[in-house]
Amino acid sequence: MAAEPRAMPGPFSGLSVKLITIIVAVILTAGIVIYLPLVANYRDSWLADRLRIGIVAARVLDAVPDVMALPQTLTDRLLNSAGAKAIVYRRGGQSQLLSVEGVEMPKEVVTADMRLDDPVTRILGALDTLFAGNGRTLRIVGDSDGSADGVVEVLMSETPLRLGMLAYSRNIALLSLIIAAITAIALYVFVSRTFIAPIRRITANMVAYRQAPENANLIIAPEPRKDEVGIAERELAAMQTDLFTMLRQRRHLADLGLAVAKINHDLRNTLTSAQLLSDQVATLDDPKVQRLAPRLVTTLDKAIGFAQSVLDYGRQSATPPKPGPVDMRLLVEESGIEAGLMGHPDVRFSNGIPDGLVINADADQLGRVLVNLLKNARQALEANTGASHPPEITVTFSEAPDELIFTVADNGPGLPPRAKENLFIAFEGSARAGGTGLGLAIARELVEAHGGKLLFVDQPQGARFDIILPATARLS
Ligand SMILES: Nc1ncnc2c1ncn2[C@@H]1O[C@H](COP(=O)(O)OP(=O)(O)OP(=O)(O)O)[C@@H](O)[C@H]1O
Ligand SMILES: [Mg+2]
């Protein structure tokens, strides 16, 4: 019996949870990837704004020959409007300073050079600002517009920039969370409706159907969809219908088979009693009886044999192999004895299996396969009177990649056409008077139950059958 059917996962486990997790993870990763250039940009434009004040001051200084002549109130207003502590303007080897009255030169100064604009420097600068604490002083350096060699420096506190960047980051984080949530919800609803719900329906149906495959009510009713889900549902419905019909047929056949087995069983017992009577009759002295009795005895023997093989067929196909170590040379030897080959007056039997070859198999079943094949060969050889060469049966062993091959070959007449056409088909394959046509069918079933194959190999002379087992069965 296959594994127990599994319970269905709840609505927030299984596929749905995997889907939501992956959507949120992808959107948040994307958020982080675009966040860095965005925050660097924010810092850049903030710095550029402040630098512009410096550039305006530089223009003023360009126009006014003497800095000292500028009233302090004007300077203070200019600087305060930019939130700057001081502005330095360097030009032609000279530098001029505008500063708020009474300002002290700070100790910890970080430089933001606006003349460098590669993205890595910008992103690193932004990270530096974000992770430094408040209270540092910033020196923004940039070209003064106009004259080419003029450089402007603006000194100011970094804290407002940092606070602005933190607020901006919070906004971006909030925005990505909102986008992630909206996308996850929208995708979840869409995917649940179009995929997960039908998959759950199909899965639940399969779980239920497997528990009661003979209940036609459980056959899935396919939805009229043209996509893959629709095809899957229709195919599943077709498969379940086929299975349902097959199971019903099987049950009827099994019922019939049971009836046949019962009748057959009684028939065999009746025939056995008749055989006892015929044995008694054979002892009578009447010459007429003496002439007919042997025919009666063989006919009854055949009938009993037939009944017995039908009973065996019913029994054998049901049991799975019980593997264990099997010494193959010994098994072939014993099968030869059972097939009536030991001490046979005409047929020579040669066991070519190497000593010590042990495989993992059901000795009983594999023995039955060998006996069937050997018996067939013996019967064919015995019926083949007038052959020019001495009749012989050989069993040999060979190996191919992944395969162990046991060959049973004889030098008899070969398979008659009728047997060839219906080879391995129960009750059909017999071309022998008194044969039931079960031997090869049973043999093939037993070999296949071992994961192997039973093949008839065409030969110019005689018949050859190969029992092929997986190489993994070999123990030594
Ligand atoms: N080695 C062989 N040489 C020639 N013919 C064979 C050989 N093996 C099988 N056959 C033919 O194949 C037929 C089918 O064999 P199978 O063993 O299936 O049935 P059976 O021998 O007729 O009946 P059962 O084995 O059930 O008593 C045989 O009747 C025989 O004609
Ligand atoms: Mg046979």
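Calculation criteria
- Residues numbered from 1 in each chain as written.
- Chains lettered and ligands numbered in written order.
- Predicted model: local features only at pLDDT ≥ 70, side-chain atom pairs only at ≥ 80, totals over all residues.
- Heavy atoms only, no water.
- UniProt positions renumbered as here; feature names shortened; annotations may be inferred.
- Axes fitted to C-alpha atoms, helices over the stretch in contact; angles between N-to-C directions.
- Helix = DSSP H or I, 4+ residues; strand = E, 2+ residues; numbered from the N terminus.
- Parallel < 35°, antiparallel > 145°, perpendicular 65-115°, else oblique.
- Left-handed = near helix turned anticlockwise from the far one by under 90°.
- Contact = heavy atoms within 4.5 Å.
- Nonpolar A, V, L, I, M, F, W, Y, C, P; charged D, E, K, R; others polar.
- Near = heavy atom within 4 Å.
- Polar contact = N/O pair within 3.5 Å; in protein donor to acceptor, adjacent residues only side chain to side chain.
- Areas by Shrake-Rupley, 256 points an atom, 1.4 Å probe, with all protein chains shown as cover.
- 1 Å grid on protein atoms, 1.4 Å probe; cavity = no way out; pocket = protein on both sides within 12 Å on 5 of 7 lines; lining within 4 Å.
- Sits in = over half its atoms within 2 Å of the grid points.
- Patch = residues over 30% accessible without salt bridge, like charges linked within 9 Å, V, L, I, M, F, W, Y side chains within 5 Å.
- Salt bridge = Lys/Arg side-chain N within 4 Å of Asp/Glu carboxyl O.
- Buried < 20%, exposed > 50% of the residue type's maximum accessible area, 1.4 Å probe, protein only.
- Pairing = 2+ DSSP bridges.
- Points joined across faces, edges and corners; volume = space filled by probe spheres on them.
- Domains from an automatic or database assignment.

The protein is annotated in an unreviewed UniProt entry as histidine kinase from Paradevosia tibetensis. UniProt lists a comment for the protein under the heading Catalytic activity (unreviewed entry), and it reads "ATP + protein L-histidine = ADP + protein N-phospho-L-histidine."

## Digging into the packing of helix H1 (residues 15-63) against helix H2 (residues 72-82)
Taken N-terminus to C-terminus, the directions of H1 and H2 make an angle of 160°; their axes are 9 Å apart at the nearest point. Between H1 and H2, the angle is such that the two are roughly antiparallel. Like other packed secondary-structure pairs, H1 and H2 cross with a definite hand, here right-handed. Residues Arg-50, Ile-53 and Ala-57 of H1 form the contact with H2, whose participating residues are Leu-78, Ser-81 and Ala-82. Classifying every residue of the contact of H1 with H2 by side-chain character gives four nonpolar, one polar and one charged.

## Things to note about the UniProt feature "transmembrane region" (unreviewed entry) in the protein
Listed under "transmembrane region" (unreviewed entry) in the UniProt record, and renumbered for this structure, are residues 20-42 and 172-191. Annotated as residues 20-42, this span is 100% helix and 0% strand, and its ends, taken at the C-alpha atoms, are 32 Å apart. Along residues 172-191 the backbone is 100% helical and 0% strand, and the end-to-end C-alpha distance reaches 27 Å.

## Things to note about the site of ligand 1
Near ligand 1 you find 20 residues, and of these Asn-376, Asp-410, Ser-430, Ala-431 and Thr-436 are the closest. The backbone of Ala-431 places a nitrogen or oxygen atom 2.8 Å from an oxygen atom of ligand 1. Between Leu-438 and ligand 1, the recorded distance is 2.9 Å, taken from a backbone N or O atom to an oxygen atom. Contact with the protein chains hides 90% of the accessible area of ligand 1, taken as 590 Å² for the molecule alone. Among the cavities detected, the one that contains ligand 1 is the largest pocket.

## A few points about a nonpolar patch on the surface
On the surface, Leu-15, Leu-187, Phe-190, Phe-195 and Ile-199 cluster together into a nonpolar patch covering about 440 Å² of accessible area. Of the residues forming the nonpolar patch, the biggest block, four residues, is contributed by helix H4 (residues 159-211). Looking at the element boundaries, Phe-190 is found in helix H4.

## Some details on the pattern of salt bridges
Tallied over the full model, the rule gives 19 salt bridges. Arg-139 is paired through a salt bridge with Glu-153; the nearest N and O atoms lie 3.1 Å apart. One end of the pair, Arg-139, is in strand S4 (residues 137-143); the other, Glu-153, is in strand S5 (residues 151-157), and 14 residues separate them in sequence. Exposure remark for Arg-139: the relative accessible area of 26% places this residue in the partly exposed category. On the basis of relative accessibility, which here comes to 6%, the residue Glu-153 falls in the buried class. Notably, a salt bridge pairs Lys-420 with Asp-458, separated by 3.5 Å at the nearest N-O pair. In this pair, Lys-420 is assigned in helix H9 (residues 417-421) and Asp-458 in the loop between strand S11 (453-457) and strand S12 (464-470), connecting sequence segments 38 residues apart.

## Section: the sheet that holds S5
Strand order in the open sheet formed by five strands is S2-S1-S5-S4-S3, with mixed pairing between adjacent strands. Looking at strand neighbours, the two that pair on one side only are strand S2 (94-99) and strand S3 (109-113), the edges of this open sheet. Neighbour to neighbour, the strand axes of the sheet diverge by 20° on average, direction disregarded.

## What to know about the packing of H4 against helix H5 (residues 228-282)
For any two helices packed against each other, one specifies the crossing angle of their axes together with the interaxial distance. Running from amino to carboxyl end, H4 crosses H5 at an angle of 10°, the nearest separation of the two axes being 11 Å. Considered as vectors, H4 and H5 are oriented roughly parallel to each other. Across from Thr-194, Pro-198, Arg-201, Ile-202, Asn-205, Met-206 and Tyr-209 in H4, the residues of H5 making contact are Val-229, Ala-232, Glu-233, Leu-236, Gln-240, Leu-243 and Phe-244. Within the contact of H4 with H5, the residues separate by chemical class into nine nonpolar, three polar and two charged.

## Considering the layout of surface pockets
By volume, the largest pocket amounts to about 1200 Å³. Listing elements by their share of the lining of the largest pocket, those giving two or more residues are helix H6 (287-316), helix H8 (363-383), strand S10 (403-410) and helix H10 (439-449). Counting residues per element, the lining of the largest pocket draws most heavily on H8, which supplies eleven residues. Per-class residue counts for the lining of the largest pocket are 21 nonpolar, 16 polar and eight charged. A domain-level breakdown of the lining of the largest pocket finds at least three residues from each of domain 2 (228-315) and domain 3 (319-473). Size it by volume and the second largest pocket reaches roughly 630 Å³. What lines the second largest pocket is a set of 18 residues, and nearest its centre among them are Leu-253, Ala-254, Gly-257, Tyr-313 and Gly-314. Put simply, the parts of the chain that give the lining of the second largest pocket at least two residues each are H5 and H6. Of all the elements, H5 adds the most residues to the lining of the second largest pocket, at ten residues.

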